[in-house]
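In case you want the letters, here they are:
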Amino acid sequence: MITPMSEPPVAIRAMSHEDLPEVSDIERRSYEFPWSHGVFRDCLLAGYQCIVLEREELVAGYSILSVAAGEAHILNLCIDPTHRAHGYGELLLDAILGVARDADVEEVFLEVRPSNETAMALYRKKGFHQIANRPKYYQSQHGREDAAVFSKKLGNDY
Ligand SMILES: CC(C)(COP(=O)(O)OP(=O)(O)OC[C@H]1O[C@@H](n2cnc3c(N)ncnc32)[C@H](O)[C@@H]1OP(=O)(O)O)[C@@H](O)C(=O)NCCC(=O)NCCS
């Protein structure tokens, strides 16, 4: 168990198929263009590293990591809108980086919308640096939006 300041205890554990209704519900309430239930199911079936953050026995966040050839990609990291700004996003990111380190990953990558200032701030705080820009990567209400590509080399610094 991990306990952030003055909050109920939370636990981080592997995601299971039984979690998918709660995960999908958080996803729908969090993103303008959410992943479908089927995408999460495929991530589990593909053997991606999928974890959830549980608070008072309910899923309050999740993250998904794909690992290949010494590199990892954070494909999703999300906290329930009703539980944001309590340190849980940082806890979840620390946990998924721990999963990457356990898999002997040397470098972790992710894409983020440049308009997503909250996520950009979180990743920078945790030692990620922008290494590239992928033009027109994301669907948006006004055509396409670029992605900022971030990376972090894993050492013993987290
Ligand atoms: C990004 C996200 C995971 C952050 O989770 P969170 O639990 O609210 O974040 P935390 O409380 O752990 O905050 C950690 C850091 O994130 C940044 N942050 C959090 N909320 C912020 C806000 N409203 N504005 C700017 N930065 C913010 C800060 O750097 C913060 O560190 P600090 O408290 O020392 O300033 C959450 O906002 C979320 O789920 N967003 C929707 C999904 C998403 O966009 N995921 C990322 C896709 S790439």
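Residues numbered from 1 in each chain as written. Predicted model: local features only at pLDDT ≥ 70, side-chain atom pairs only at ≥ 80, totals over all residues.

A.B. asks: I'd like a description of the overall build of the protein, backed by residues and values.
C.D. replies: The helix and strand tally for the protein stands at four helices and seven strands. Since a compact globule built from 158 residues should have a radius of gyration of about 15 Å, the 15 Å found for the protein is in line with a globular shape. Taking the contacts inside the protein whose residues are at least 6 apart along the sequence as the reference set, 56% of them involve residues at least 24 apart. (Helix = DSSP H or I, 4+ residues; strand = E, 2+ residues; numbered from the N terminus. Rg over C-alpha atoms; globule rule 2.2 N^0.38 Å. Contact = placed C-beta atoms within 7 Å.)

A.B. asks: Outline the sheet that holds strand S7 (residues 143-153), supporting the account with residue identities and numerical values.
C.D. replies: Pairing is mixed across the open sheet formed by seven strands, whose spatial order is S1-S2-S3-S4-S5-S7-S6. Each edge of the sheet is formed by a strand with only one pairing partner; in this case those strands are strand S1 (10-14) and strand S6 (129-140). Direction aside, the axes of adjacent strands within the sheet are offset by 25 degrees on average. Two strands pair when backbone bridges link them, and S1 and strand S2 (residues 49-55) are joined in this way by five bridges, in the antiparallel orientation. When the bridges of S2 are listed, Arg13 appears paired with Val52. Against the sheet, helix H1 (residues 20-30) contacts S2, strand S3 (58-68) and strand S4 (71-79), and its axis sits at roughly 90 degrees relative to S3. (Pairing = 2+ DSSP bridges. Axes fitted to C-alpha atoms, helices over the stretch in contact; angles between N-to-C directions.)

A.B. asks: Which residues make up the site of the ligand, and what are the values?
C.D. replies: For the ligand, the set of nearby residues contains 19 residues, the closest of which are Arg84, Gly89, Glu90, Ala121 and Leu122. Elements supplying a minimum of two residues to the shell around the ligand: S4, helix H3 (88-102) and helix H4 (117-125). A total of six residues in the shell around the ligand trace back to one element, the largest contributor, which is H4. In terms of residue class, the shell around the ligand is made up of nine nonpolar, six polar and four charged. (Near = placed C-beta within 6 Å. Nonpolar A, V, L, I, M, F, W, Y, C, P; charged D, E, K, R; others polar.)

A.B. asks: Describe the pairing of S4, naming the residues involved and giving the relevant values.
C.D. replies: The pairing of S3 with S4 spans eight bridges and is antiparallel. Bridging across to S4, Ile64 finds its partner in Asn76. Direction of pairing for S4 relative to strand S5 (residues 107-112): parallel, over a ladder of four bridges. If you follow His73 over to S5, its bridge partner there is Phe109. Crossover connection from S4 via H3 to parallel S5: handedness right-handed. (Right-handed = clockwise from strand over helix to strand, strands pointing away.)

A.B. asks: Hey, could you go over the nonpolar core for me, with residue numbers and the actual values?
C.D. replies: Counting 37 residues, the largest nonpolar core has Val23, Ile51, Leu53, Tyr62, Leu92 and Ile96 as its most contacted members. The element that contributes the greatest number of residues to this core is H3, accounting for seven residues. Contact partners of Val23, with chain neighbours within four places excluded, come to Met15, Phe40, Val52, Val59 and Tyr62. (Core = buried A, V, L, I, M, F, W, Y, C linked by C-beta atoms within 7 Å. Buried ≥ 20, exposed ≤ 12 C-beta atoms within 10 Å, placed from the backbone.)

A.B. asks: I'd love a proper account of the environment of Arg124, names of residues and values included.
C.D. replies: For Arg124, the position within the fold is in helix H4. With 12 C-beta atoms packed within 10 Å, Arg124 lands in the exposed category.

A.B. asks: Outline the environment of Arg55, supporting the account with residue identities and numerical values.
C.D. replies: Counting through the fold element by element, Arg55 comes out in strand S2. Separated by 43 residues in the primary sequence, Arg55 and Ile12 place their C-alpha atoms 9.0 Å from one another. If sequence neighbours within four positions are ignored, Arg55 has contacts with Pro8, Val10, Ala60 and His83.

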